[in-house]
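Working through the structure, step by step
Residues per chain are reported as follows:
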Amino acid sequence: MDGIDLDLMRKKLASELTEKRYVHSLNVADTAVEMARRYGADEEKIYLAGLLHDCGKSYKGNAAREFVKKIGYQPDGIELLQPGLLHGVIGEYLARHEYGVADPEILSAIRWHTTGRAGMSVLEKIIYIADYIEPGRNFEGIEAMREEAFRDLDRCIVLCAGSTIRYVLENGYLLHPKTVETRNHSLLALKALNIS
Ligand SMILES: [Fe+2]
Ligand SMILES: [Fe+2]
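The shown structure was predicted, so the numbers you read here are calculated from the model rather than taken from an experiment.

Moving on, we get to the packing of aromatic side chains. Here the structure, examined in full by the defined rule, presents four aromatic pairs. Each ring, one from Phe67 and one from Tyr93, has its centre 5.6 Å from the other, and the planes form 80 degrees; the classification is edge-to-face. Residue Phe67 is found in helix H4 (residues 61-70), and its partner Tyr93 is found in helix H6 (residues 87-97); the two are separated by 26 residues along the sequence. Among the residues examined, Tyr93 registers a relative accessible area of 32% and is labelled partly exposed. Arranged with centres 6.1 Å apart and planes meeting at 55 degrees, the rings of Tyr167 and Tyr173 form a pair that is tilted.

Before going further, it helps to examine the side chain of Glu134. When you line up the elements, Glu134 lands in the loop between helix H8 (122-133) and helix H9 (142-149). Of the buried charged residues, Glu134 lacks a salt bridge, with Arg137 as the closest side chain of opposite charge at 4.4 Å. A polar side-chain atom of Glu134 sits 2.7 Å from a polar atom in the side chain of His24. Ignoring any residue separated from it by four or fewer positions in sequence, one finds Glu134 in contact with His24, Asn27, Val28, Thr31 and Arg146.

Every protein donor of the iron ion (ligand 2) is accounted for by His24 (NE2), His53 (NE2), Asp54 (OD) and Asp131 (OD), and the metal-donor separations fall at 2.2 to 2.3 Å. Considering all four donor atoms around the iron ion (ligand 2), angles at the metal cover 80 to 174 degrees and the coordination shape is irregular. In the primary structure, the donors to the iron ion (ligand 2) are separated according to the pattern H-x28-H-D-x76-D. Between the iron ion (ligand 2) and the iron ion (ligand 1) the interatomic distance comes to 3.5 Å, and Asp54 is a ligand of both metals. Highlighted residues: His24 in helix H2 (residues 19-39) and Asp131 in helix H8, separated in sequence by 107 residues. The exposure classification of His24 matches that of Asp131, with both residues buried.

Another point: the environment of Leu85. Tracing the backbone shows Leu85 in the loop between helix H5 (77-81) and H6. Sequence separation between Leu85 and Glu43 is 42 residues, and the spatial gap between their C-alpha atoms is 27 Å. Contacts of Leu85, omitting those with residues within four sequence positions, involve Ile78, Glu79, Thr114, Thr115 and His176.

On to the packing of H8 against H9, then. For the pair H8 and H9, interaxial distance at closest approach is 10 Å and the crossing angle is 145 degrees. Both H8 and H9 take part in a crossing whose hand is left-handed. Seen from H8, the contacting residues are Ile129, Tyr132 and Ile133; seen from H9, they are Ile142, Met145, Arg146 and Ala149. Class assignment for the residues of the contact of H8 with H9 results in six nonpolar, no polar and one charged.

Definitions and limits used
Residues numbered from 1 in each chain as written. Chains lettered and ligands numbered in written order. Predicted model: local features only at pLDDT ≥ 70, side-chain atom pairs only at ≥ 80, totals over all residues. Heavy atoms only, no water. Phe/Tyr/Trp six-rings, centres within 6.5 Å; stacked < 30°, edge-to-face > 60°. Helix = DSSP H or I, 4+ residues; strand = E, 2+ residues; numbered from the N terminus. Buried < 20%, exposed > 50% of the residue type's maximum accessible area, 1.4 Å probe, protein only. Lys, Arg positive; Asp, Glu negative; His and termini not counted. Salt bridge = Lys/Arg side-chain N within 4 Å of Asp/Glu carboxyl O. Polar contact = N/O pair within 3.5 Å; in protein donor to acceptor, adjacent residues only side chain to side chain. Contact = heavy atoms within 4.5 Å. Donors = N, O, S within 2.8 Å, 3.2 Å for Na, K, Ca; no water. Tetrahedral: all angles 85-135°; square planar, octahedral: opposite > 155°, others 65-115°. Axes fitted to C-alpha atoms, helices over the stretch in contact; angles between N-to-C directions. Left-handed = near helix turned anticlockwise from the far one by under 90°. Nonpolar A, V, L, I, M, F, W, Y, C, P; charged D, E, K, R; others polar.

Right, dumping it as structure tokens:
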């Protein structure tokens, strides 16, 4: 991709994330590229989006709140109380201004990878899913997710969002409505609802 030096980008990312988070980022990028092959998506774009999806992750708590204030983003009440949710917004900004990414599809995938949103593009869906299933992850239900990731994106998203919702409930956190919208949208796309 024009003007993008991947080695330089990886070096910068490695200097800004913990080792564990950096390895996770490489894994997400590689997993996302495998999925891109399966779904005929742009492998270069997907790699970049996967690599950078957590580039805003080092801003936590008040640092995250102050960062988004500075860039003019108005957090909702849940984001203010759980500022970890802001790392997609921060990541989008950093990707654009510090890593030189201009492609709106890549920026949007970074922006929305945490909660998802209704009506994601294929690229956004792949990043959202690869974040769950990369080889460093291990939790109950992941094998079904890994299989579905290469079979049907919407079915897989229903599994991923469901897993997040269960995690949020079990830990007593606030559930972000975007996570619910993500699940509902993919479920409706399956036309598998049995409502009478
Ligand atoms: Fe993330
Ligand atoms: Fe991640």
